[in-house]
Amino acid sequence: AWRRSSARQSLREAAAAVALDEGALRRLVSSNLAASEAEMREMLLRGAPQHEAQQRASFGFNQTMQRACMSALEQRDLSLIHYARRGAASLGALQRLGALAPAWLLTR
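Residues numbered from 1 in each chain as written. Predicted model: local features only at pLDDT ≥ 70, side-chain atom pairs only at ≥ 80, totals over all residues. Heavy atoms only, no water.

1. Comments concerning the packing of helix α3 (residues 50-84) against helix α4 (residues 88-97)
Here's step 1: Close contact between α3 and α4 brings their axes to 8 Å; oriented N to C, the two are set at 130°. When the interaxial angle is binned, α3 and α4 end up oblique. Mapping the contact onto sequence places L80, Y83 and A84 in α3 and S90, L91, A93 and L94 in α4.
Here's step 2: Per-class residue counts for the contact of α3 with α4 are 6 nonpolar, 1 polar and no charged. (Axes fitted to C-alpha atoms, helices over the stretch in contact; angles between N-to-C directions. Helix = DSSP H or I, 4+ residues; strand = E, 2+ residues; numbered from the N terminus. Parallel < 35°, antiparallel > 145°, perpendicular 65-115°, else oblique. Contact = heavy atoms within 4.5 Å. Nonpolar A, V, L, I, M, F, W, Y, C, P; charged D, E, K, R; others polar.)

2. Digging into the nonpolar core
Here's step 1: Counting 7 residues, the largest nonpolar core is built from A14, A17, L80, Y83, A84, A93 and L94.
Here's step 2: For this core, the elements supplying multiple residues, two or more each, are α1 (2-18), α3 and α4. (Core = buried A, V, L, I, M, F, W, Y, C linked by side-chain atoms within 4.5 Å. Buried < 20%, exposed > 50% of the residue type's maximum accessible area, 1.4 Å probe, protein only.)

3. Description of the confidence of the model for the chain
Here's step 1: Taken residue by residue, the chain gives an average pLDDT of 84. The fraction at 70 or more is 87%.
Here's step 2: Looking over the chain, one finds the lowest element-wise mean pLDDT in helix α5 (residues 103-106), namely 60, and the highest in helix α2 (residues 22-45), namely 92. (pLDDT = per-residue confidence, 0-100.)

4. Quick word on a nonpolar patch on the surface
Here's step 1: Taken together, the side chains of L20, M70 and L73 make up a nonpolar region of the molecular surface, amounting to roughly 230 Å² of accessible area.
Here's step 2: Relative to the helices and strands, M70 resides in helix α3.
Here's step 3: Classification of M70 as partly exposed rests on a relative accessible area of 44%. (Patch = residues over 30% accessible without salt bridge, like charges linked within 9 Å, V, L, I, M, F, W, Y side chains within 5 Å. Areas by Shrake-Rupley, 256 points an atom, 1.4 Å probe, with all protein chains shown as cover. Salt bridge = Lys/Arg side-chain N within 4 Å of Asp/Glu carboxyl O.)

5. Observations concerning α4
Here's step 1: Regarding α4, the residues found buried are S90, G92, A93 and L94.
Here's step 2: G98 occupies a position one or two residues after α4 and carries a positive phi of about 90°.

6. A look at the pattern of salt bridges
Here's step 1: Counted by the stated rule, this structure contains 4 salt bridges.
Here's step 2: One salt bridge in this structure joins E22 and R26, with 3.5 Å as the shortest N-O distance. Of this pair, E22 and R26 both sit in helix α2, separated by 4 residues, roughly a single helical turn.
Here's step 3: Residue E52 is joined to R56 by a salt bridge in which the shortest nitrogen-to-oxygen separation is 3.5 Å. Pair noted here: E52 and R56 are both in helix α3, with a separation of 4 residues, about one helical turn.
Here's step 4: In this structure E52 comes out as partly exposed when scored by relative accessible area, which is 29%.

Next comes the structure, spelled out in structure tokens:
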């Protein structure tokens, strides 16, 4: 019973190590969309053509979101590395979760 409890605890810890804070990313998307829309409105008020304002605002939004997503993935990867360095039990838990499977296997 203790071994099963320990294994479950390892799986919970491994799941936490590979998790992304989706709520934080959703809030970031929402605030960046609002900022992008405000930027587009401001450009339109200054007389910029709509397609140009839309293109610039979209480009800014995409750049910001790309940086935010890469940062979130880097944080997740660092957490995963830190967890994996705890030992064989940690690596086993990550393997059972599928966190160590190659990307091509996960996309089938």
